[in-house]
Amino acid sequence: MPMAFVSIREGRPPEQIRKMISAVTAAIAKSLDAPPASIRVVVTEVPLTHWATGDVTLAERSDAEKQQQALGSAGSAGSGATEAGS
(Lines give C-alpha, C1' and ligand atoms only; values in the text may rest on other atoms or scores of the structure.)
Protein backbone atom coordinates (compact mmCIF):
# COMPACT_ATOMS: atom_id res chain seq x y z
CA MET A 1 0.00 0.00 0.00
CA PRO A 2 1.88 3.13 -1.20
CA MET A 3 1.64 6.24 0.99
CA ALA A 4 2.47 9.82 0.08
CA PHE A 5 2.86 12.58 2.65
CA VAL A 6 2.53 16.12 1.32
CA SER A 7 3.16 19.24 3.39
CA ILE A 8 1.79 22.50 2.02
CA ARG A 9 1.31 25.98 3.39
CA GLU A 10 -2.14 26.66 4.79
CA GLY A 11 -4.64 28.76 2.92
CA ARG A 12 -5.26 26.95 -0.35
CA PRO A 13 -8.87 26.29 -1.33
CA PRO A 14 -10.16 22.74 -0.69
CA GLU A 15 -10.81 22.26 -4.42
CA GLN A 16 -7.14 22.90 -5.20
CA ILE A 17 -6.02 20.43 -2.52
CA ARG A 18 -8.46 17.83 -3.85
CA LYS A 19 -7.07 18.29 -7.37
CA MET A 20 -3.53 17.78 -6.03
CA ILE A 21 -4.57 14.59 -4.21
CA SER A 22 -5.95 13.20 -7.48
CA ALA A 23 -2.75 14.11 -9.35
CA VAL A 24 -0.53 12.50 -6.70
CA THR A 25 -2.69 9.37 -6.69
CA ALA A 26 -2.52 9.14 -10.49
CA ALA A 27 1.28 9.64 -10.52
CA ILE A 28 1.83 6.91 -7.94
CA ALA A 29 -0.59 4.53 -9.68
CA LYS A 30 1.21 5.04 -13.00
CA SER A 31 4.79 4.92 -11.73
CA LEU A 32 4.30 1.93 -9.40
CA ASP A 33 1.57 0.17 -11.35
CA ALA A 34 -0.48 0.24 -8.15
CA PRO A 35 -4.26 0.16 -7.97
CA PRO A 36 -5.54 3.63 -7.00
CA ALA A 37 -7.68 2.12 -4.22
CA SER A 38 -4.49 0.99 -2.46
CA ILE A 39 -2.83 4.44 -2.48
CA ARG A 40 -2.94 6.68 0.58
CA VAL A 41 -2.28 10.44 0.36
CA VAL A 42 -1.91 12.47 3.56
CA VAL A 43 -1.92 16.26 3.23
CA THR A 44 -0.69 18.40 6.10
CA GLU A 45 -1.38 22.13 5.99
CA VAL A 46 1.33 24.05 7.82
CA PRO A 47 0.62 27.49 9.32
CA LEU A 48 2.67 30.27 7.70
CA THR A 49 4.26 30.96 11.08
CA HIS A 50 5.52 27.36 11.29
CA TRP A 51 7.32 27.13 7.92
CA ALA A 52 10.66 28.84 7.44
CA THR A 53 13.43 29.02 4.88
CA GLY A 54 16.69 30.68 5.82
CA ASP A 55 15.32 31.61 9.25
CA VAL A 56 12.45 33.61 7.70
CA THR A 57 8.91 32.27 8.11
CA LEU A 58 6.42 32.40 5.27
CA ALA A 59 4.38 34.85 7.37
CA GLU A 60 7.39 37.16 7.75
CA ARG A 61 8.18 36.88 4.05
CA SER A 62 4.56 37.70 3.17
CA ASP A 63 4.60 40.73 5.49
CA ALA A 64 7.87 41.98 3.96
CA GLU A 65 6.49 41.58 0.42
CA LYS A 66 3.34 43.53 1.34
CA GLN A 67 5.47 46.34 2.78
CA GLN A 68 7.61 46.47 -0.38
CA GLN A 69 4.52 46.58 -2.57
CA ALA A 70 3.06 49.39 -0.47
CA LEU A 71 6.30 51.35 -0.72
CA GLY A 72 6.49 50.70 -4.46
CA SER A 73 2.91 51.88 -4.95
CA ALA A 74 3.53 55.02 -2.92
CA GLY A 75 6.70 55.73 -4.92
CA SER A 76 4.92 55.20 -8.23
CA ALA A 77 2.08 57.50 -7.26
CA GLY A 78 4.52 60.19 -6.24
CA SER A 79 6.55 60.00 -9.44
CA GLY A 80 3.40 59.91 -11.57
CA ALA A 81 2.13 63.11 -9.99
CA THR A 82 5.47 64.78 -10.66
CA GLU A 83 5.42 63.76 -14.33
CA ALA A 84 1.86 64.96 -14.75
CA GLY A 85 2.78 68.32 -13.23
CA SER A 86 5.72 68.82 -15.63
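For the structure itself, look to the data block above.
First, a word on scope: everything that follows refers to the structure included in this document. (Residues numbered from 1 in each chain as written. Predicted model: local features only at pLDDT ≥ 70, side-chain atom pairs only at ≥ 80, totals over all residues. Heavy atoms only, no water.)

Moving on: the side chain of T57. With respect to the helices and strands, the residue T57 is situated in strand β4 (residues 56-57). Judged by its relative accessible area of 16%, T57 is buried. Apart from residues no more than four positions distant in its own chain, T57 is found in contact with L48, T49, W51 and A52. (Helix = DSSP H or I, 4+ residues; strand = E, 2+ residues; numbered from the N terminus. Buried < 20%, exposed > 50% of the residue type's maximum accessible area, 1.4 Å probe, protein only. Contact = heavy atoms within 4.5 Å.)

Another aspect to go through is the side chain of T25. Position of T25 among the secondary structure elements: in helix α1 (residues 14-32). Classification of T25 as buried rests on a relative accessible area of 18%.

Okay, the environment of S7 next. In this structure, S7 sits in strand β1 (residues 3-9). Given a relative accessible area of 45%, S7 falls into the partly exposed group. When near neighbours in sequence (up to four residues on either side) are disregarded, S7 contacts T44, V46 and W51.

Any functional reading would require information that these geometric values do not contain.
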